[in-house]
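As a plain string of letters, each chain reads:
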Amino acid sequence: MNCNKTCLDRRRTTVVTFNDSLNAYESLEKGLKPDVILVDLKMPGMNGKELVEKMRANPELDFIPVTFITGSIPSAEILPSKDFYHGLILKLSNYKI
């Protein structure tokens, strides 16, 4: 996620990062209202799918667009319904040129 943060920082955007979904969700409940959320599907505590399902069940958070980021092709069990998110980014890991 550091590369994403660095790229967004260069565009003079405000970037807030979290090490796990539980802290991210607590901050959202306390009033953090981002324009978009980039979330890894595999995160400690609550995974990305669980985070978004919890957000969609909360009317105060339901409107926030979410794009998933993952280093592996997600299975149907990991990826929520398309109605729950706006995009999917596959990150290259262990890619050698």
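Our structure is the block above this text.
Now for a description of the structure that goes with this document. Please read all numbers here as calculations on a predicted model, not as lab measurements.

## As for the overall build of the chain
- In terms of regular secondary structure, the chain is built from three helices and three strands.
- Here the chain holds 97 residues, and 31% of them are scored as buried.
- Across the chain, contacts joining residues at least 24 apart in sequence account for 48% of those joining residues at least 6 apart.
- When the accessible surface of the chain is split by element, carbon and sulfur atoms take 52% of a total near 6800 Å².

## Remarks on the nonpolar core
- One finds I37, V39 and M55 to be the most contacted residues of the largest nonpolar core, which totals 15 residues.
- Mapped onto this core, the elements with two or more residues apiece are α2 (21-29), β1 (37-40), α3 (48-56) and β2 (66-70).
- When residues in this core are grouped by element, the largest group, three residues, is from α3.

## Quick notes on the sheet that holds β2
- The three strands lie next to each other as β1-β2-β3, forming an open sheet whose pairing is parallel. Single-partner strands in this sheet number two, and they are β1 and β3 (87-90). Ignoring strand direction, the axes of neighbouring strands in this sheet form an average angle of 25 degrees.
- Inspection of the sheet shows β1 paired to β2 by four bridges, in the parallel sense.

## A look at the pattern of salt bridges
- A complete count under the given rule lists two salt bridges for this structure.
- Note that K49 is salt-bridged to E53, the shortest N-O span being 4.0 Å. In this pair, K49 and E53 both sit in helix α3, four residues apart, roughly one turn of the helix.
- Assessed through its relative accessible area of 34%, E53 is described here as partly exposed.

## Some points on α2
- Those residues of α2 that sit buried are S21, A24, Y25 and L28. One side of α2 carries all its buried residues, which in axial view fall inside an arc of 95 degrees.
- Against β1 and α3 lie the buried residues of α2.
- N-capping of α2 is provided by D20, with a side-chain oxygen placed 3.1 Å from the backbone N of L22.

## Concerning the packing of α2 against α3
- One can describe the packing of α2 onto α3 by two numbers: an axis separation of 10 Å at closest approach and a directional angle of 15 degrees. Comparing the axis directions of α2 and α3 gives the class roughly parallel. Considering how the two elements wind past one another, α2 and α3 form a crossing that is right-handed. Within the contact between the two elements, α2 uses S21, Y25 and L28 and α3 uses G48, L51, K54 and M55.
- Here the residues of the contact of α2 with α3 sort into four nonpolar, two polar and one charged.

How each quantity is defined
Residues numbered from 1 in each chain as written. Predicted model: local features only at pLDDT ≥ 70, side-chain atom pairs only at ≥ 80, totals over all residues. Heavy atoms only, no water. Helix = DSSP H or I, 4+ residues; strand = E, 2+ residues; numbered from the N terminus. Buried < 20%, exposed > 50% of the residue type's maximum accessible area, 1.4 Å probe, protein only. Contact = heavy atoms within 4.5 Å. Areas by Shrake-Rupley, 256 points an atom, 1.4 Å probe, with all protein chains shown as cover. Core = buried A, V, L, I, M, F, W, Y, C linked by side-chain atoms within 4.5 Å. Pairing = 2+ DSSP bridges. Axes fitted to C-alpha atoms, helices over the stretch in contact; angles between N-to-C directions. Salt bridge = Lys/Arg side-chain N within 4 Å of Asp/Glu carboxyl O. Arc of directions from axis to C-beta. Polar contact = N/O pair within 3.5 Å; in protein donor to acceptor, adjacent residues only side chain to side chain. Parallel < 35°, antiparallel > 145°, perpendicular 65-115°, else oblique. Left-handed = near helix turned anticlockwise from the far one by under 90°. Nonpolar A, V, L, I, M, F, W, Y, C, P; charged D, E, K, R; others polar.

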